[in-house]
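Overview (structure and organization)
Spelled out, the chains give:
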Amino acid sequence: MNLPLSPDRLWDRLMELAKIGPIPGGGNNRPALSALDGEARALLKRWGEEIGLAVTVDRLGNMALRREGRDPGRKPVLVGSHLDTQPSGGKFDGPYGVLAGLEILHALHESGLVTEAPIILVNWTSEEGCRFSPSMIGAAGAMGVLSEAEVLDRRALDDGERYGDALKATGWDGAAEPTALQDAVAYFEAHIEQGPVLEAEGYDLGIVTGGYATERALVTVTGETSHAGTTPMEMRRDAVLAAAEMIAAGEAILYRIAPEGRMTVCRFMADPGADGVVPGGARFAFEYRHPADEVLARLLSEADAAMTGIALRRQVEVKREPYWSFPAVVFDEALAGRLREAADRHGASHRDMLSGAGHDAYHAAARMPAVMLFIPCHGGISHHPSESISREWAEKGLRVLADAVIATANSEEQ
Ligand SMILES: [Zn+2]
């Protein structure tokens, strides 16, 4: 299909959007449910209305920009991502997927082509989850992973503001039914890789076939605070040394059982954290990620056993409380096949890969066939002002996404 896609227009829009909430270094700070988020939404709405899209907003703030198909009986194809950013975010994490989807609809509009099924561009609310945990909360609410009330009553991590109140304050609390978006035949999401693999291996695109199962827990180690000079080593109950041994054991377990997985200690706090004091407390956020649920479960149970043993020997107590987890995600093979075919057609080199990060597509995949397309980002740098992509990568991703979305909207198999 000769669609008049304009990679320049996509690029110009990415740069235009990045003027909302700029930070030093070329990045963006555009937190979800802030006034700046509202500005970005208004810009997307204007761009959508200029090409005749029907813009609706649901009660969780998710935006849907709809272009009708020829057959009123057909369910829509969704394409989307998010416009919110991390506090030290870049220009592309999220906006690339939204604006690539918009460019597809713009090119369809210009060409006058009508797909069989409708296409809906989605901007999910609060993907990054910096103020309202967990991340991907708007998509979770729409896809029924969390209830509407659970999302609206969620409190901000910083000042305790309610999600529903913050949404209302931005004026983007819509009337549409959030779960209506479940009634679709497919979900596509293009995104920057946020990792170094594609660029390092020289690929133009990644066909994302699934995502890692993840569990992050807060581990609390309780020993006894004492004097760092007067307490002999054998009489100490040092929580930090116990925690250090637990962390090292957790890493050793990963390397022994599943070196292809991931282990991270994202945060570490010592208590009381004072010079000259043997710390009686330690807390750390400990996470494993693995493509297979059963391997993740085995890693966790071995880590539990190791931590319990270390705690016993060192006479401390240990408690591991999971607070963020999701199962492994498997994306749809037929949709992945459409992306591969399109990539071959456009001469874009590609490889299959798993997503290490969470994305809105994970929740969509719980309700419908879903798939993701990754474009490389320089140095794998993301969630940072220097996050960058080449115009060539942006264009290849756009062309391949367009082909696959339109093929799905015109497919007979619905
Ligand atoms: Zn993202």
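1. Notes on helix α12 (residues 391–410)
- Given a rise of 1.5 Å per residue, 20 residues ought to cover 28 Å, and the 28 Å separating the end C-alpha atoms of α12 matches this to within 8%.
- When you tally the buried positions in α12, you get 16 out of 20 residues, the bulk of the element.

2. Description of the pairing of strand β9 (residues 213–222)
- Bridge count for β9 against strand β13 (residues 281–290) is ten bridges, and the pairing is antiparallel. Along β13, the bridge assignment pairs V219 with F284.
- Summarising the sheet, β9 and strand β14 (residues 317–326) pair through nine bridges and their orientation is antiparallel. Considered in β14, the bridge of R216 is made with W324.

3. Brief notes about the sheet that holds β14
- Strand order in the open sheet formed by four strands is β11-β13-β9-β14, and the pairing between neighbours is antiparallel. With partners counted over all chains shown, the strands left at the sheet margins are β11 (262–271) and β14, one partner each. Within the sheet, the average angular offset between the axes of one strand and its neighbour, ignoring direction, is 15 degrees.
- Helix-sheet contacts for helix α8 (residues 239–257) involve β9, β11 and β13, and the interaxial angle to β13 is about 10 degrees.

4. Things to note about helix α6 (residues 163–170)
- Burial in α6 covers these residues: Y163, A166 and L167. All buried residues of α6 project into a common sector of 100 degrees when viewed along the axis, lining one side.
- Looking at the buried positions of α6, the neighbouring elements they touch are α5 (148–152).
- Backbone geometry just after α6 places G171 at a positive phi near 80 degrees.

5. Details of the pairing of strand β7 (residues 186–192)
- Most of β7 is tucked away: seven of the seven residues are buried.
- Side chains of β7 alternate between two faces, with A186, F188, A190 and I192 and Y187, E189 and H191 buried alike.
- Taken together, the three bridges between strand β5 (residues 77–82) and β7 define a ladder with parallel strand orientation. Of the residues in β7, the one forming a bridge with V77 is A186.
- Examined bridge by bridge, β7 and strand β17 (residues 370–375) share six bridges and lie parallel to one another. Counted as the bridge partner of Y187 is A370 from β17.

6. Some words on the domain arrangement of the chain
- Split into domains, the chain comes out as domain 1 (7–212 + 328–410) and domain 2 (213–326).
- Using only C-alpha atoms to locate each centre, domain 1 and domain 2 end up separated by 36 Å.
- Taken together, the contact between domain 1 and domain 2 spans eight residues of the former and ten residues of the latter.

7. Describing the packing of helix α3 (residues 95–111) against α12
- Close contact between α3 and α12 brings their axes to 10 Å; oriented N to C, the two are set at 60 degrees. Relative to α12, the element α3 is oriented oblique. Relative to α12, α3 is oriented so that their crossing is right-handed. From α3, Y96, A100, E103 and I104 reach across to α12, where they touch A394, G397, L398, L401, A402 and V405.
- Tallied by class, residues from the contact of α3 with α12 come to eight nonpolar, one polar and one charged.

8. Quick word on the packing of helix α1 (residues 7–17) against α3
- Orientation of α1 relative to α3, taken along the N-to-C sense of each, is 135 degrees, at an axis distance of 10 Å. Judged by the inter-axis angle, α1 sits oblique to α3. The chirality of how α1 crosses α3 is right-handed. On α3, the residues touching R9, L10, R13, L14 and L17 of α1 are P95, Y96, L99, A100, E103 and H106.
- Of the residues contributing to the contact of α1 with α3, the split by class is seven nonpolar, one polar and three charged.

9. Observations concerning the nonpolar core
- Grouped together as the largest cluster of nonpolar side chains are 120 residues, with contacts concentrated most on L78, L339, L373, L401 and V405.
- Ranked by residue count, the leading element in this core is α12, at ten residues.
- The two domains that each donate at least three residues to this core are domain 1 (7–212 + 328–410) and domain 2 (213–326).
- If sequence neighbours within four positions are ignored, L339 has contacts with I207, V371, L373, V400 and A404.

Cut-offs and rules
- Residues numbered from 1 in each chain as written.
- Predicted model: local features only at pLDDT ≥ 70, side-chain atom pairs only at ≥ 80, totals over all residues.
- Helix = DSSP H or I, 4+ residues; strand = E, 2+ residues; numbered from the N terminus.
- Expected span 1.5 Å × (residues − 1).
- Buried ≥ 20, exposed ≤ 12 C-beta atoms within 10 Å, placed from the backbone.
- Pairing = 2+ DSSP bridges.
- Axes fitted to C-alpha atoms, helices over the stretch in contact; angles between N-to-C directions.
- Contact = placed C-beta atoms within 7 Å.
- Arc of directions from axis to C-beta.
- Domains from an automatic or database assignment.
- Parallel < 35°, antiparallel > 145°, perpendicular 65-115°, else oblique.
- Left-handed = near helix turned anticlockwise from the far one by under 90°.
- Nonpolar A, V, L, I, M, F, W, Y, C, P; charged D, E, K, R; others polar.
- Core = buried A, V, L, I, M, F, W, Y, C linked by C-beta atoms within 7 Å.

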